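Breakdown of the fold
If you want the building blocks of each chain, they are given just below.
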Amino acid sequence: MDNNLLRCPSRSFRFYCESSLKMRIRPSTLSLSSITQLSLFLHSPKPLSKNPPKLSSNPRLLSHFSPRSSLCFAMAGESESFSTAAVDENAKYGFERSEMYQGNLSGTVDPYERHVFLCYKSHESWPPRVEDSESDPFPKLLASALKARKNDIKIKTRLTICEGGDDLKLSDGDVLLFPEMMVYRGLKDSDVDSFIEDVLVNVKPWLSGVQEKLSGSYVFVCAHNNRDRRCGVCGPVLIEKFREEIESQDLKSQVSVIACSHVGGHKYAGNVIIFSKDPVGDIAGNWYGYVTPDDVVELIDKQIGQGEVIDRIWRGKMGANVEEPEKVEEPKLANGINASINEKEPQEISNGEKTESVGGCCQGVNGFSCCRDENAEKQPSKEEVGGPCSWVGKWEQRQVLTTVAVVGAVATVAVAYGVYRRAR
């Protein structure tokens, strides 16, 4: 029994060690370092070492331990190393890394209108590019089929891989669709083409499969460790925290938390996408970045409970300005007035001058654009108004008039001379 306990640091083993130490250690012999070592061991998940290092040279202290309690004590050295490694990893990849909150989150989501999630295995097993992996052909098959039919699909659609599980009532091959809030059960290789044709192209029920309506809210957390270590460190912690809070608030029947693959923007980890109702009752897919465990309660209470966006960690949302992308990042003039694209009326700017808004591929400051204005092409240039061609024309006109004048003068002299001859 003792050997089994030593192999597995379970609660019963920790209780056993605590009892042994209480019986074998006199309170007067416990130093501060000894208590620290014992505490580290009792809260460490690391397995026991077969060759425990020597942690103390105090014979009086060691005389109070049996071999079993000495092994308990030996774990402190490994626990300290483990704790140091955990701190270093968190500083490099976790919520304490230096890049946290350094980037501007708003607008970091590419516009799209529909999100497809394919349930497939677990996040620990996903290869770096799970949608393009030869070792896992099913996600690649669906991704390739979507790409081949993208011109036939009327609205922009994203594909992300997620994991299922009995607790989520989701299995490999199940497909979740947002904002439609539908789940299509058991998609197989042979069903991919018909699924895309029926559901995504023709927006009709899937004739050859089973479909069900989803309810509640869905939280997807990027935990794709093989793609980026930051998501691999932050994602599982956030998932655990979400599930703890959901259980404590008795929301398990209303909120589901699921690990998902790469969604873009690893530097913003933890990355979270929440599909829930907005204030008017429509399903919205809001993206959040730099999410930490401290943000989880607020996300549940405000975003899920009230439909309120948390601006400080908000990246964007599904369906944002896809049909009218010119309104996504409307340029601001010096006084904050919007410089609307393709606007014909002149815009007032801070210095009192007026400038025409120029339409086209790019919009600059105060209406300046690097694109050519169609109206400008129709206006005559300076060369057309007063260029060499116009000058030559005027010169020829003056030469004709001069010639006429000379001829007239010669004729006048000739007539005058003839009159003079007759008069003599």
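Residues numbered from 1 in each chain as written. Predicted model: local features only at pLDDT ≥ 70, side-chain atom pairs only at ≥ 80, totals over all residues. Heavy atoms only, no water.

Remarks on helix 8 (residues 229–248)
For helix 8, built from 20 residues, the straight-helix expectation of 28 Å at 1.5 Å per residue is met to within 8% by its first-to-last C-alpha distance of 29 Å. Within helix 8, the full set of buried residues consists of Arg230, Cys231, Gly232, Val233, Cys234, Gly235, Leu238, Ile239, Phe242, Glu245 and Ile246. Phi for Asp250, located one or two positions after helix 8, is positive at around 55°. (Helix = DSSP H or I, 4+ residues; strand = E, 2+ residues; numbered from the N terminus. Expected span 1.5 Å × (residues − 1). Buried < 20%, exposed > 50% of the residue type's maximum accessible area, 1.4 Å probe, protein only.)

Notes on helix 9 (residues 296–306)
Since the α-helix advances by 3.6 residues per turn, residues separated by three or four positions end up pointing in the same direction. Val296, Leu299, Ile300, Gln303 and Ile304 are the residues of helix 9 that are buried. One side of helix 9 holds all its buried residues, which, seen down the axis, span an arc of 115°. Residues of helix 9 that are buried in the fold lie against strand 6 (217–222), helix 8, strand 7 (255–260), strand 8 (272–277) and strand 9 (283–288). Two residues or fewer after helix 9 comes Gly307, characterised by a positive phi angle close to 75°. (Arc of directions from axis to C-beta. Contact = heavy atoms within 4.5 Å.)

Focus on the pattern of salt bridges
Per the counting criterion, the structure on display carries 16 salt bridges. Across the salt bridge formed by Arg97 and Glu99, the nearest N and O atoms sit 2.6 Å from each other. With a relative accessible area of 4%, Arg97 lands in the buried category. A relative accessible area of 25% means that Glu99 is categorised as partly exposed. The residue Arg312 makes a salt bridge to Asp295 at a minimum N-O spacing of 2.7 Å. Here Arg312 is found in the loop between helix 9 and strand 10 (314–317), whereas its partner Asp295 is found in the loop between strand 9 and helix 9, with 17 residues between them in sequence. Here the residues in one salt-bridge network are Arg97, Glu99, Asp228 and Arg230, joined through shared partners. (Salt bridge = Lys/Arg side-chain N within 4 Å of Asp/Glu carboxyl O.)

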